[in-house]
Amino acid sequence: MQNNIVKSYLPRHLNKLRWLVLASIFAMLVLLPFLHLYQTYVAAHAYDLLFPHEKMIYDSMEWLTSPFVSDAEHELDAIKGTTWSGNLFGLQVSDPLAVLSQISASISVYWPFLLTALIPLVVTLVLGRVFCGWICPATFIYELNDTLAGWLRRAGVPLGDREFDKRTKYLVLAAGLLLSMLLGSIMTAAIYPPAIIGRELYYAIAQGGFGVGAVFFILTILFDLLVARRGFCRYVCPGGALYSLLGRYRLLRIQRVVSACNDCKKCNVTCEFGLDPLHDGFGQECNNCTACIAVCPTDALEFKLALKDGPYQGPGHLGHDYRREQQIKSES
Amino acid sequence: MKRRRFLQSLGAYTALAFASVIPYGLSRLLAPKVYAEPHRHILLPGALPDIEAFNRACIGCGLCGEVCPPRCVVFAQRDGGDGLNTPYIDPARKACILCNKCMQVCPTDALSITPIRDVDMGIAQIDRAACYPWVDEGICGACVAICPLGEEAISFEFANIYKPAVRDGCVGCGQCVEVCPEPSLPIRIVTRSEGTIARHGVATRRRSY
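These remarks concern the structure in this document. (Residues numbered from 1 in each chain as written. Chains lettered and ligands numbered in written order. Predicted model: local features only at pLDDT ≥ 70, side-chain atom pairs only at ≥ 80, totals over all residues.)

Brief notes about the overall build of chain B
A count of helical and extended segments in chain B gives 7 helices and 6 strands. Start at the N end of chain B and walk to the C end: the helices and strands fall as α-α-α-β-β-α-β-α-α-β-β-α-β. Rg of the C-alpha trace for chain B: 22 Å, well past the compact-globule value of 17 Å for 209 residues, more than 25% over. Across its three principal axes, chain B shows a C-alpha extent of roughly 90 × 40 × 25 Å. By the burial criterion, 41% of the 209 residues in chain B qualify as buried. Summarising the internal contacts of chain B: among those between residues at least 6 apart in sequence, 68% fall at separations of at least 24. (Helix = DSSP H or I, 4+ residues; strand = E, 2+ residues; numbered from the N terminus. Rg over C-alpha atoms; globule rule 2.2 N^0.38 Å. Buried ≥ 20, exposed ≤ 12 C-beta atoms within 10 Å, placed from the backbone. Contact = placed C-beta atoms within 7 Å.)

Okay, structure coming up:
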């Protein structure tokens, strides 16, 4: 008999929330340079001297911010920066990778800067690699790119789906720190996609054009599209490597409920990081993005609090393999 | 057999190590070092005095640019090299107004909070063979009028005859360079040791790098 009552399983909707967060952070990175332009126009007290397109920016930003601020020139300084390093209402937050690279480049520790990475550090230790799945503005574009790749594959376009060694990215991280030390400049900043995105959006909007980072970012998109699915995040990204290392013993994990699983393999197909939820293989690469929870038809994936992944629990109890096993057992 | 396996694994690890450097090499290829004219590449107020120390400390987050009211802070991009994405000021394009916002917002020790009169971005240098009042007693005084520090930084050489002379109090903000109407820019920001009067000769035109 069919059960017609639809159970409301809230974690299934977390993926939508994640998309909302990703989109709003990306939109914020686009909006902030415009707000900065607006601030400079206000500070110059020269509305009449602006070009028509600058007047358009002025008017739209004034319309957007006037309900919240009275003194736009100064009060809009409350939110500044990117995910690489930013200012949120007086609270400075920096990427742990920025801090680590700066320490290795300058071969000394600047404590006020180290403390700005404290909040992301604690969040990563508890929740794992959530930055990659929930915040990173590059993830927003990479996931759209992956959707595009799916459409292209369906249309019959041959795209590469190579597998490399996941440990390459740790080597890239180590090489980046070493090169920073030797060359005397922060090398990881030039190849770390979220830093590139934040910076290049600012350059494009407020500084008059994209810089070299945009070229590098387009190369990473092509790498994802033509060589390996989400290849840059999985095999190259030094920040992903750092977050993976920090999130190795995270507290919050996704777990398969073997009694509800029917071995449909949708979770493995949807996981862009190529993990293996079907066989309980999450590991330190899992960024708790909840895409597998959202796609699971039997709600067999759930969050748990544990410092380690559990062992393989065998085939799902709703699947064929399990039924056959039981039959063999009962016969013998 | 053992040795062969050892050599094979050694080769594989070497190849992997080289592969891990590829993204950095790529980014470096995209932004080769091009030496800018020093007086068009001034470090921000409160910056670490040594350009190499500055490149080591700056993470390229762009916050200094995002708070700059006159938008004078620009970033080394295609020609960055070691200083890729680090900020600088080109006073001939847009000069610093010494508002101190960039040094307050900088998360690292690249920029540290400095009182206006202790800022050392360089010093203004006047080429008396090109400055209009110096050449033919013209009427100008734009640089003296715009200077945010006043008398102690730049003033007229004698009484009211419009010949500007830079004093020791100049911090090198470059307002005078931005406002100078003479197209050849007879005033420019140089390092403090080069002096306030341009000397024309064989030895003095050598650049500092």
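Some remarks on the interface of chain A and chain B
Across the contact, 44 residues belong to chain A and 37 residues belong to chain B. Ranked by residue count, the leading element in the side of chain A that touches chain B is helix α9 (residues 168-183) of chain A, at 7 residues. Partitioning the side of chain A that touches chain B into residue classes produces 23 nonpolar, 18 polar and 3 charged. (Nonpolar A, V, L, I, M, F, W, Y, C, P; charged D, E, K, R; others polar.)

Structural notes on helix α4 (residues 96-106) of chain A
Note on helix geometry: an α-helix contains 3.6 residues per turn, so any two residues three or four positions apart are oriented the same way. Residues and elements named next belong to chain A. Among the 11 residues that make up α4, 10 are buried, leaving the element largely enclosed by the rest of the structure. Inspection of α4 places Pro96, Leu97, Ala98, Val99, Leu100, Ser101, Gln102, Ser104, Ala105 and Ser106 among the buried residues, and these make up the whole buried set. Ile107 lies just past α4 and shows a positive phi near 50°.

Focus: the nonpolar core
Nonpolar side chains in soluble globular proteins tend to be buried together. Counting residues in each nonpolar core, the largest one holds 108 residues, and the members touching the most others are Cys64(B), Cys102(B), Ala124(B) and Ile154(B). Residues from two domains meet in this core; each of domain 1 (1-80) and domain 2 (82-249) of chain A gives at least three. In this structure, Cys64(B) is in contact with Leu44(B), Val73(B), Pro87(B), Cys102(B), Val105(B), Cys106(B) and Leu111(B), ignoring residues within four places of it in sequence. Counting 16 residues, the second-largest nonpolar core is a separate cluster that includes Ile254(A), Cys267(A), Ile293(A) and Cys296(A). (Core = buried A, V, L, I, M, F, W, Y, C linked by C-beta atoms within 7 Å. Domains from an automatic or database assignment.)

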